[in-house]
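Observations on chain architecture
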Amino acid sequence: MNKDRELIGNEKIEEGLLRLHEDLSDENLAAVLTTIRKRKEEGGHFVVAVTASDAGMTLRPLKLSNGKKYFAAFTSFEEELKGEDKIMSGFTASIEQLFGICLKSEEIDGIILNPWDKELKLDKNLIEIV
């Protein structure tokens, strides 16, 4: 169970993602997006993958097979650890700040939430809707 206060409440997003993957419908997608928006408004955070560079810590993008780049975000540290890269550095970041960084970045196409299990690709249009 998460001990990070900023992640408490993200289990509601995980429940919504489970429903969405069981029944891919516009209603379930709208419900998940609404839950994400509420978590953002509550000051909620996601876990993000970062890499160290000379410029400091930067968000680590995932490059998809179609060439698009997405930031990886996770509802919990447990979700992050489901991936193959167990030594990836993860920190929490405000959902609102993460969305803002993504929308301003020309080389990033969106955010993938929980990319290792029951993922949700949030392209910039969906992020703006949230």
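Below: a short report on this structure. (Residues numbered from 1 in each chain as written. Predicted model: local features only at pLDDT ≥ 70, side-chain atom pairs only at ≥ 80, totals over all residues. Heavy atoms only, no water.)

Some details on the environment of Ala 73
The following threshold applies: By definition, any uninterrupted DSSP run of H or I lasting at least four residues is a helix, any uninterrupted run of E lasting at least two residues is a strand, and each is numbered from the N terminus. Contacts were defined at the residue level, with two residues in contact if any of their heavy atoms lie within 4.5 Å.
Topologically, Ala 73 is positioned in strand S4 (residues 69-74). Separated by 40 residues in sequence, Ala 73 and Leu 113 have C-alpha atoms that sit 4.9 Å apart. Those residues in contact with Ala 73, other than ones at most four positions away along the chain, are Phe 46, Val 47, Val 48, Leu 98, Ile 111, Ile 112, Leu 113, Asn 114 and Pro 115.

Some thoughts on the pairing of S4
Heads up, the rule is: Note on classification: 1.4 Å probe, protein chains only; a residue is buried when its accessible area is under 20% of the maximum for its type, exposed when over 50%, partly exposed between these limits. Any two strands between which DSSP finds at least two bridges are classified as paired.
With five of six residues buried, S4 lies mostly within the body of the structure. Note that strand S3 (residues 61-63) and S4 share three bridges and pair antiparallel. Bridging from a neighbouring strand, Leu 62 pairs with Tyr 70 of S4. Taken together, S3 and the strand that follows it, S4, pair antiparallel across an intervening segment of five residues, in which Gly 67 is found at a positive phi of about 90 degrees. By the bridge criterion, four bridges tie S4 to strand S6 (residues 110-113) in an arrangement that is parallel. The partner of Ala 72 across the bridge, within S6, is Ile 112.

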